[in-house]
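# Architecture and fold: a report
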Amino acid sequence: MKFFLDTANVEEIRRIEKLGLVDGVTTNPTLISKEGRPFKEVIQEIAGFVDGPVNAEVVGLKAEEMITEARKLAAWGDNIIVKIPMSEEGLEAVHALTKEGIKTNVTLVFSVAQGLMAAKAGASFISPFVGRLDDIGKDGVELVAELKQVMDEYGYKTEIIAASVRHLQHLESIALTGADIATIPGSIFPKLWDHPLTDKGIDGFLKDWEAYEKGQNK
Ligand code: G3P
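Being a predicted model, the structure only gives us computed values, none of them experimental.

## What about the site of the ligand?
Around the ligand sit Asp-6, Asn-28, Phe-129, Arg-132, Ala-163, Ser-164 and Arg-166, and those are all the residues in its vicinity. Contact distances for the ligand include 3.2 Å between an oxygen atom and a side-chain N or O atom of Asn-28. At 2.8 Å from an oxygen atom of the ligand is found a side-chain nitrogen or oxygen belonging to Arg-166. Judged by the fraction of its atoms near the pocket grid, the ligand is located in the largest pocket. Here the shell around the ligand is composed, by residue class, of two nonpolar, two polar and three charged.

Structure representation (structure tokens):
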């Protein structure tokens, strides 16, 4: 399973990258806006040191606008993936861009049908939003599992990026679906490696070691 970091914060990416946990990065207009820096500068900086796909999203709503933006974004680096929102216009853009060799990630996917349409149009990635489905009383992880089944059944090469991941249980359940990728906010990562019993265990070992050393030095 691959882990992408769902952030546009360079320091956050560098910190998690040191642990060997970053296979790629996803951004969106909200995450870019939080950084208060020029879009191109941020994306190029991230794409320059991350060894994997770096996702940058278009903001146009018409297919032609998306295509023009996508060409510009794709030229910012060899590892740039263009995020395109799910819509009829988006599908048209994905189909045209795929023919040009520009890789896309269809974002804001909330149903099996949407995922299937995106894969058929040629998307390299699809992003079901797990947490936002949970927010409206649906089961986001279940959608990921269903999409995985459909992609496998019909032999699509499209990779599933489980997005809108909010907590440890999400990540563990997503992993069990066999999804290709989970994109995770930096704030969630420590929760993936921390465990109270690990902390307690370390504490116990250190106390015993202290006592042992005191005994040896008598
Ligand atoms: O990757 C999409 C993600 O950034 C959305 O997360 O928590 O705003 O639903 P959230």
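## Remarks on the UniProt feature "active site" (unreviewed entry) in the chain
Per the UniProt annotation, the sites labelled "active site" (unreviewed entry) are Lys-83. Excluding residues within four positions of it along the chain, Lys-83 makes contact with Thr-26, Thr-27, Asn-28, Asn-55, Ala-56, Glu-57, Val-58, Asn-105 and Thr-107. A polar contact is formed between the side chain of Lys-83 and the backbone oxygen of Thr-27, at a distance of 3.0 Å.

## Some remarks on the layout of surface pockets
Reported here for the largest pocket is a volume of approximately 320 Å³. Asp-6, Asn-28, Leu-31, Lys-34 and Arg-132 are the residues nearest the centre of the largest pocket, which is lined by 23 residues in total. Per-element tally for the lining of the largest pocket: the top contributor is helix H2 (residues 29-35), with four residues. When grouped by side-chain class, the residues that make up the lining of the largest pocket number six nonpolar, ten polar and seven charged.

## Topic: a negative patch on the surface
On the surface, Asp-134, Asp-139, Glu-142 and Glu-146 cluster together into a negatively charged patch. Inspection of the secondary structure puts Glu-146 in helix H8 (residues 140-154).

## Brief notes about the sheet that holds strand E1 (residues 2-6)
The strand order around the closed barrel built from eight strands is E1-E2-E3-E4-E5-E6-E7-E8, with neighbouring strands paired in parallel fashion. For this sheet the average axis-to-axis angle between neighbouring strands, irrespective of direction, equals 30°. Contacts from helix H3 (residues 39-49) reach strand E2 (24-26), strand E3 (54-57) and strand E4 (80-85), with the element oriented near 165° to E3. Packed on one face of the sheet, helix H4 (residues 63-74) meets E3 and E4 and runs near 160° to E4.

## What about the packing of aromatic side chains?
Evaluation of the coordinates by the stated rule reveals six aromatic pairs. Seen from their ring centres, Trp-209 and Tyr-212 are 4.9 Å apart, and the 40° between their planes marks the pair as tilted. Here Trp-209 pairs with Tyr-212, and both are found in helix H11 (residues 196-216), just three residues apart, close to one helical turn. In this structure Tyr-212 comes out as partly exposed when scored by relative accessible area, which is 42%. Among the aromatic side chains, those forming a connected cluster through ring pairs are Phe-3, Phe-189 and Trp-193. The ring of Phe-49 is capped by Arg-14, whose NZ or CZ atom sits 3.9 Å from the centre of that ring.

## Concerning the environment of Pro-29
Inspection of the secondary structure assignment puts Pro-29 in helix H2. The class for Pro-29 is partly exposed, based on a relative accessible area of 37%. Residues Pro-29 and Val-54, spaced 25 residues apart in sequence, show a C-alpha to C-alpha distance of 14 Å. Residues within four places of Pro-29 in sequence aside, it is in contact with Glu-57 and Val-59.

Cut-off values and rules
- For every chain, the first residue of the written sequence is number 1, and numbering continues from 1 along that sequence.
- pLDDT decides what is reported in this predicted model: residues at 70 or higher carry local features, side-chain atom pairs at 80 or more are listed and counted, and totals for whole chains, interfaces and linings draw on all residues regardless.
- Side-chain measures here rest on the full set of heavy atoms in the structure, leaving out hydrogens and waters.
- A cutoff of 4 Å decides nearness: a residue is near a molecule or strand if any of its heavy atoms lies inside that distance of it.
- Polar contacts, as used here, are pairs of N or O atoms within 3.5 Å; protein pairs need one atom able to donate a hydrogen and one able to accept it. Residues neighboring in sequence count only if both atoms are side-chain atoms.
- Grid points spaced at 1 Å and placed over the protein atoms alone form the basis of the search, with a cavity being a set where a 1.4 Å probe fits but cannot get out and a pocket an open set showing protein on both sides within 12 Å along at least five of seven lines. Lining residues have an atom within 4 Å of a point.
- Molecules are considered to sit inside a cavity or pocket once more than half of their atoms lie within 2 Å of its grid points.
- Residue type decides the class: Asp, Glu, Lys and Arg count as charged, Ala, Val, Leu, Ile, Met, Phe, Trp, Tyr, Cys and Pro as nonpolar, and the leftover types, Gly among them, as polar.
- UniProt positions are given in the numbering used here, feature names are shortened, and annotations may be inferred rather than shown by experiment.
- Contacts are assigned to residue pairs with any non-hydrogen atoms lying within 4.5 Å of each other.
- Grid points are joined across faces, edges and corners, and a volume is the space filled by probe spheres set on the points.
- Strands are runs of DSSP state E lasting at least two residues, helices are runs of H or I lasting at least four, and both sets are numbered from the N terminus onward.
- Patch rule: a residue counts if its relative accessible area is over 30% and it has no salt bridge; like charges are joined within 9 Å, and nonpolar side chains (Val, Leu, Ile, Met, Phe, Trp, Tyr) within 5 Å.
- To be clear on the numbers: accessible area is Shrake-Rupley with a 1.4 Å probe, and residue cover counts the displayed protein chains and nothing else.
- A pair is scored as a salt bridge if a Lys or Arg side-chain nitrogen falls within 4 Å of a carboxyl oxygen belonging to Asp or Glu.
- A positive count includes Lys and Arg, and a negative count includes Asp and Glu. His and the chain ends are not counted in either.
- To locate a charge, take atom NZ for lysine, CZ for arginine, CG for aspartate or CD for glutamate.
- At least two DSSP bridges between two strands are required for those strands to pair.
- Axis definition: a line fitted to C-alpha atoms, over the contacting stretch in the case of helices. Angles run 0 to 180 degrees between N-to-C directions.
- Any two rings among Phe, Tyr and Trp, with Trp reduced to its six-membered ring, count as a pair given centres within 6.5 Å; such a pair is stacked if its planes are under 30 degrees apart, edge-to-face if over 60, and tilted if neither.
- Classification of residues uses two cut-offs on accessible area relative to the type maximum, computed with a 1.4 Å probe and protein chains only: under 20% is buried, over 50% is exposed, and between them is partly exposed.
- Here, a charge over a ring means that NZ of Lys or CZ of Arg falls within 6 Å of the ring centre while also lying within 35 degrees of the ring normal.

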